[in-house]
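# Remarks on the overall topology
Single-letter residue listing:
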Amino acid sequence: MLRFDTILAARQAIASREVSAVELVQQSLARIQALDGQIHAFTSVYAQRALDLARQVDQGQRKGPLAGVPIALKDNICTSFGTTTCSSKMLANFRSPYDATVVKKLEAAGAIIVGKTNLDEFAMGSSTENSAFGPTRNPWDTQCVPGGSSGGSAAALAAGMVCGAIGSDTGGSIRQPAALCGLVGLKPTYGRVSRYGLVAFASSLDQIGPFGWTLADVATQFQVLAGHDAMDSTSLPQPVEDCVAQLEQPVAGLRLGVVREFASAQGVDPAVKAAVDAAIGRYTEMGARIVEISLPTMPYGIAAYYIIAPSEASSNLARYDGVHYGHRTAEPANHIIDLYSKSRAEGFGPEVKRRIMIGTYALSSGYYDAYYLRALRVRRLIQQDFERAFGQCDAIICPTSPVPAFKIGQKSGDPLQMYLVDVFTVTANIAGIPGLSLPCGFTSDGRPLPIGLQLLGPNFSEARLLRIGRMYEAATEWHRRRPNPQA
Amino acid sequence: MAGSNITVEQVQQIARLARLQIDPQQARRLGQELGAILDYVATIGQLDTTGVEPMAHPLPLQNVLREDVAGEALPVEQVLMNAPQTDGPFFKVPKVIGGEKPEA
């Protein structure tokens, strides 16, 4: 591991001059060099740039809450340096002419982006196996997936290559890899973090958020990322609460909602159920009241999601036409439509094609009402379910993923089986609410694999969700465990 | 709802709309996969959604307006720097007039 493997530890060490920012970045780069052949967390590493920025930190020219801290950035977030590939052949050589707002904010806060990380192509997937550049491996067991789609960011942090990482979450793509890699991950309220420069997958569901080893690290990064941005018309003007300052305050009279419909959810691993039940017990010991709530539309969440997300994707990804940027076929084309169809067939991988096809079908004449429009009505019902539930509790507590990390190849042959892994996470994106995943245990047969606990709260409740998470973290030791990946 | 009966012809029709060239072998496989996925997502048909307002977006945001003033824009060279082919300040594409339009 890095000697200072959390953001908090790294910042303290730099502040006390125990280590320089350059040394920290050198350690990060050395760790990537040693392990990434095996883990494959990164699509690109910017060693020289990172060292130059670190030197500016040491010379006092770059300051801020993340000054000198090496972090990793998911490769669907635009940077004016290097490439932004979305782990797709389509964008393999794409160089963004501008920085995403979050990149500007992270660098203004002093963070050092050492590299960009692997993902399921265009963030479509739950295992990072759908990358055109090959899968990422889970540092806890390299035979297993790290989750997805932000699997590269999660694996980079879990392998100790960086102190923090940024991902995006459209249906669980931060929370699920956080769960499978033993990390804390936050999907903020829709509109809380600017999407300017995030390559669009499903625009009404996408949100950027952080990974950390601890609640404090996630709070620190969230504080930097959050806020209104004139460049994103869906970004919210509400002021951002100071999550870091309140983090250590327990929530008095805490009421946690347990979802009745989740009790009968299929395919929940017994180890996951046991760990989440134990976590609920822990909260009860701390004085929390457990309230049974009902989310009657929940069983239809995955179905609604896999209509809405592909529909938006089929529209968003229409821009990849082989004309303006991205891959163009070398085959002769007789007509402009021929050029589009061949370029897209060559540039997109199988899962992206499947989703474009599903979305095109759901939006096509004759099917629009039965699929897309009906899914939007179900979306309203899901949002109303949550509104009712949050009248009775401060947060909902449930598993993040029904299963711990699964073997590479185990689910990749059956798209529908892979979709079902998202059962506990997609509804937060559908409703727009924030969701947090934090470690709550490990499997006990075979190599220990992390298990994630999910907390869902009403819009803008990030500060309180983080406090609730911190109550559990302060009472447990899970967040101190680290994997030991070998080169 | 069509569900599991996605024929190769239907797959090719969707592929044409999506501007994706699909070979016959892929089309057969996609037909099975899409059939299974569409069967599953069609379960939302079991819910009574009568009178429910469709929700396209999580935020109740109305039009976001601003003054219509010219801001900074990307220079043409940067706009074109990722284009597969250019000609001066233009994107270049193969000749499209006189070619045969694929069946749509």
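On a predicted model such as this, the values are computed, not experimentally measured, just so you know.

### Looking at the overall build of chain A
A tally of helices and strands in chain A yields 16 helices and 11 strands. Radius of gyration (C-alpha) of chain A: 21 Å, near the 23 Å computed for a compact globule of 487 residues. The dimensions of chain A, computed from C-alpha atoms along their principal axes, are 65 × 55 × 50 Å. The burial tally for chain A puts 65% of its 487 residues in the buried class. Long-range pairs, those at least 24 residues apart, make up 76% of the contacts in chain A with a sequence separation of at least 6.

### So, the overall build of chain B
Looking only at helices and strands, chain B has 3 helices and 2 strands in total. A burial count over chain B gives 18% of its 104 residues as buried. Here the contacts in chain B between residues at least 6 apart in sequence split such that 49% fall between residues at least 24 apart.

### Regarding the packing of helix 2 (residues 21-39) of chain A against helix 3 (residues 47-58) of chain A
Residue and element names in this part refer to chain A. At their nearest, the axes of helix 2 and helix 3 sit 7 Å apart, and the two run at 155° to each other. The angle between the axes of helix 2 and helix 3 places the two elements in the roughly antiparallel class. In this structure, helix 2 meets helix 3 at a crossing whose hand is right-handed. Between helix 2 and helix 3, the residues in contact are Ala21, Val22, Leu24, Val25 and Leu29 and Ala47, Ala50, Leu51, Ala54, Arg55, Val57 and Asp58, respectively.

### Regarding the environment of A:Gln223
Residues and elements named next belong to chain A. Relative to the helices and strands, glutamine 223 resides in helix 7 (residues 215-225). Accessibility expressed as a C-beta count within 10 Å gives 23 for glutamine 223, which makes it buried. A sequence separation of 158 residues divides glutamine 223 from proline 65, and the C-alpha atoms of the two residues are 9.4 Å apart. Those residues in contact with glutamine 223, other than ones at most four positions away along the chain, are Cys243 and Val244.

### Some remarks on helix 10 (residues 301-316) of chain A
A rise of 1.5 Å per residue sets the reference length of helix 10 of chain A, with its 16 residues, at 22 Å; its end C-alpha atoms lie 22 Å apart and thus fit the reference within 8%. With 14 of 16 residues buried, helix 10 of chain A lies mostly within the body of the structure.

### A look at the sheet that holds strand 2 (residues 70-74) of chain A
Residues and elements named next belong to chain A. The 11 strands are arranged 1-3-2-4-6-5-10-11-9-7-8 in an open sheet whose pairing can be described as mixed. Only two strands of the sheet have a single neighbouring strand rather than two, namely strand 1 (42-45) and strand 8 (289-293). Across the sheet, the axes of successive neighbouring strands diverge by a mean angle of 30°, strand direction being ignored. With 5 bridges connecting them, strand 2 and strand 3 (residues 112-117) associate as parallel partners. What sits directly across from isoleucine 71, in strand 3, is isoleucine 113.

### Considering the interface of chain B and chain A
At the junction of the two partners, chain B supplies 45 residues and chain A supplies 55 residues. Looking at the side of chain B that touches chain A, the elements that each hand over two or more residues are helix 1 (8-17) and helix 2 (24-41) of chain B. Here the side of chain B that touches chain A gets 7 residues from one element, more than from any other, and that element is helix 2 of chain B.

### Section: the nonpolar core
Core analysis: the largest hydrophobic core is formed by 173 residues, its most contacted members being A:Ile71, A:Ile112, A:Val114, A:Ala156, A:Ala304 and A:Ile307. If we ignore the near neighbours within four places in the chain, the residues touching A:Ile71 are A:Leu106, A:Ala111, A:Ile112, A:Ile113, A:Val162, A:Cys163, A:Gly164, A:Ala165 and A:Ile166.

### Thoughts on the environment of A:Ile396
Residues and elements named next belong to chain A. Looking at the secondary structure, you find isoleucine 396 in strand 9 (residues 395-399). With 27 C-beta atoms counted inside 10 Å, the residue isoleucine 396 sits in the buried group. Linking isoleucine 396 and phenylalanine 262, residues 134 residues apart in sequence, is a C-alpha distance of 11 Å. Here isoleucine 396 is in contact with Gly257, Val259, Ile293, Ala389 and Leu456, once residues within four sequence places are set aside.

### A word on the packing of helix 1 of chain B against helix 2 of chain B
Residues and elements named next belong to chain B. Contact geometry of helix 1 with helix 2 gives a least axis separation of 9 Å together with a crossing angle of 100°. In this view, helix 1 runs roughly perpendicular relative to helix 2, as classed from their interaxial angle. On helix 2, the residues that touch Val8, Val11 and Gln12 of helix 1 are Pro24, Ala27, Arg28, Leu30, Gly31 and Leu34. Broken down by class, the residue content of the contact of helix 1 with helix 2 amounts to 6 nonpolar, 2 polar and 1 charged.

### Here's the deal with the pairing of strand 5 (residues 184-187) of chain A
Residues and elements named next belong to chain A. Going residue by residue along strand 5, you find Val184 and Leu186 tucked away on one face and Gly185 and Lys187 tucked away on the opposite face as well. Summarising the sheet, strand 5 and strand 6 (residues 207-212) pair through 2 bridges and their orientation is antiparallel. Bridged to glycine 185 within strand 6 is phenylalanine 211. In the sheet, strand 5 pairs with strand 10 (residues 435-442) via 3 bridges, with the strands oriented antiparallel. Across the sheet, the residue bridging to lysine 187 is glycine 435, located in strand 10.

### Considering unusual backbone geometry
All names here are of chain A. Serine 149 follows glycine 148 through a cis peptide bond whose omega is 10°. Not every positive phi belongs to a glycine, and histidine 40 is a case in point at roughly 55°. By the C-beta count within 10 Å, which is 23 here, histidine 40 ends up buried. A positive phi is found at threonine 128, a non-glycine position, where the angle reads about 65°. Residue placement: threonine 128 occurs in the loop between strand 3 and helix 5 (151-158).

### Observations concerning helix 9 (residues 270-285) of chain A
Residue and element names in this part refer to chain A. Its 16 residues place the ends of helix 9 22 Å apart at the C-alpha level, agreeing with the 22 Å of an ideal helix rising 1.5 Å per residue. Packing partners of the buried residues in helix 9 comprise strand 7 (255-259), strand 9, strand 10, strand 11 (450-456) and helix 16 (462-475). One or two steps after helix 9, the chain reaches glycine 287, where phi turns positive at roughly 100°.

### As for the confidence of the model for chain B
Taken over all residues, the pLDDT of chain B has a mean of 88, while the share at 70 or more is 89%. Considering each helix and strand of chain B separately, the mean pLDDT is smallest for helix 3 (residues 76-80) of chain B, with a value of 94, and largest for helix 1 of chain B, with 97.

### Digging into the environment of A:Phe201
Residues and elements named next belong to chain A. Along the chain, phenylalanine 201 turns up in the loop between strand 5 and strand 6. For phenylalanine 201, a count of 26 C-beta atoms within 10 Å corresponds to the buried category. Along the chain, phenylalanine 201 and glutamine 486 lie 285 residues apart, while their C-alpha atoms are 34 Å from each other. Setting aside residues no more than four positions away along its own chain, phenylalanine 201 makes contact with Phe122, Ala123, Met124, Thr170, Asp206, Ala313 and Asn316.

The rules we used
Residues numbered from 1 in each chain as written. Chains lettered and ligands numbered in written order. Predicted model: local features only at pLDDT ≥ 70, side-chain atom pairs only at ≥ 80, totals over all residues. Helix = DSSP H or I, 4+ residues; strand = E, 2+ residues; numbered from the N terminus. Rg over C-alpha atoms; globule rule 2.2 N^0.38 Å. Buried ≥ 20, exposed ≤ 12 C-beta atoms within 10 Å, placed from the backbone. Contact = placed C-beta atoms within 7 Å. Axes fitted to C-alpha atoms, helices over the stretch in contact; angles between N-to-C directions. Parallel < 35°, antiparallel > 145°, perpendicular 65-115°, else oblique. Left-handed = near helix turned anticlockwise from the far one by under 90°. Expected span 1.5 Å × (residues − 1). Pairing = 2+ DSSP bridges. Core = buried A, V, L, I, M, F, W, Y, C linked by C-beta atoms within 7 Å. Nonpolar A, V, L, I, M, F, W, Y, C, P; charged D, E, K, R; others polar. pLDDT = per-residue confidence, 0-100.

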